[in-house]
Amino acid sequence: MLTLSFKQTLFILLFSIYGLALIIAVVTLPEPVINLPRLVDSQLATSGVNHPVTAVLFNYRGYDTLLETAILLLTLLSVWAVHYTATALPKNRFAAEFLSVARPIRALLPVILLTAGYLLWIGNTAPGGAFQAGAVLSWIGIGLRLTDNLQPSAHATVGLRVLLGAGLTLFIGVALSNSLLEYPPHSASLWIFIIESGLTLSFSLTLVMLFVAAPGMTLTKSL
Amino acid sequence: MTHATFFALISMGLFLLGLYALISYPQVLRKILALNIMGSGVFLFLVTMAARNPQALDHVSHAMVLIGIVMTVSLTALALALARRIHRITGKTCLPEEDSEVMS
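The following paragraphs examine the structure supplied in this document.

What counts and how
- Residues numbered from 1 in each chain as written.
- Chains lettered and ligands numbered in written order.
- Predicted model: local features only at pLDDT ≥ 70, side-chain atom pairs only at ≥ 80, totals over all residues.
- Heavy atoms only, no water.
- Core = buried A, V, L, I, M, F, W, Y, C linked by side-chain atoms within 4.5 Å.
- Buried < 20%, exposed > 50% of the residue type's maximum accessible area, 1.4 Å probe, protein only.
- Helix = DSSP H or I, 4+ residues; strand = E, 2+ residues; numbered from the N terminus.
- Contact = heavy atoms within 4.5 Å.
- Salt bridge = Lys/Arg side-chain N within 4 Å of Asp/Glu carboxyl O.
- Buried area = accessible area lost by both parts, 1.4 Å probe.
- Polar contact = N/O pair within 3.5 Å; in protein donor to acceptor, adjacent residues only side chain to side chain.
- Nonpolar A, V, L, I, M, F, W, Y, C, P; charged D, E, K, R; others polar.

## Remarks on the nonpolar core
- F58(A) and Y183(A) are the most contacted members of the largest nonpolar core, which totals 28 residues.
- Every element with two or more residues in this core is listed here: α3 (52-60), α4 (62-84), α7 (130-146), α8 (158-177) and α9 (188-212) of chain A together with α3 (59-90) of chain B.
- Broken down by element, the residue count for this core peaks at six residues, all from α9(A).
- Setting aside residues no more than four positions away along its own chain, Y183(A) makes contact with F58(A), N59(A), V174(A), N178(A), A188(A), W191(A), I192(A) and I195(A).
- Membership of the second largest hydrophobic core comes to 26 residues, among which are I140(A), L160(A), V212(A) and A77(B).

## Re unusual backbone geometry
- Despite not being glycine, A213(A) has its phi angle at roughly 55°, a positive value.
- Residue placement: A213(A) occurs in the loop between α9 and β2 (216-219).

## As for the pattern of salt bridges
- If you walk through the whole model with that rule in mind, you get one salt bridge over all chains.
- D64(A) is the partner of R61(A) in a salt bridge, and the nearest nitrogen-oxygen pair spans 2.9 Å.

## A word on the interface of chain B and chain A
- On the chain A side, the residues contacting the 39 residues of chain B number 43 residues.
- In this assembly, chain B packs against chain A so that about 3,500 Å² is buried in total across both faces, 78% of it on carbon and sulfur atoms.
- Inspection of the region where chain B meets chain A yields zero salt bridges.
- Where chain B touches chain A, the interface holds one residue pair in polar contact (both at pLDDT 80 or more).
- Mapped by element, the contributors of at least two residues to the side of chain B that touches chain A are α1 (3-24), α2 (28-50) and α3 of chain B.
- If you tally residues by element for the side of chain B that touches chain A, the top one is α3(B), at 18 residues.
- In terms of residue class, the side of chain B that touches chain A is made up of 26 nonpolar, seven polar and six charged.

Next comes the structure, spelled out in structure tokens:
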């Protein structure tokens, strides 16, 4: 029989009380007052896209996506801040076993581009959209990083910073020019596509920069 | 027990499992994994609540889960950067422990 200290018993007790309260709250959840599915479906024709989830992401709850993009940029700035105080760059050389796996990624580059473009376009009618396409597009950067083609550097070039902030800037521009994300129904799909394209590019670059985790990155060898 | 209740309990079980691991282990990587498991529990709960009425799915919750997944990725990235910084400064991957830790 193991003996527990006072702190351990207190922890277990409080944790159990909290867990029980959480489970009771979840099991006795009341029915929703507002019928959200009916609201979403009734306005889907004027939202500019044909898929309800994309409509919610970029039209009905467009603010959440806008702030999410800002949080992504803020996270990247925080990672930069953590590493700017470091004295030396991380000297990562990935193991040789990675090369055998990562070389096919370079051969798959056109397929990755095509899949990302397809996911971006099909977001209109099926699950897809900017974030899925951006995640697939970031595989290019991660594959380059694993074969040591992409090296961390101490300073990010201006072009890289412009591309990183382009998604958020485009989103804010569209939001301001449309009286804060109230798209007129005839051009809603165009605005949403503009937003999604910019978001795909900067989201994929942000993911690669988060993976490289250095103030900047440079391509070293040729493809 | 309905489908919704069953999955809601499972999701809260995941959340509590992650919370317990977050509090009781000093290793930084375990805390990061625990945060991810808590996030997965919350996502499962949101999706379960979206499917309470199988004829009319609630797509707003689905969009919230998508945004949440992206936020989990950025959280993990920042936490891993901080973990590398901790390792660079202290040479260990554990958080410094006091005299009386909660769980050894």
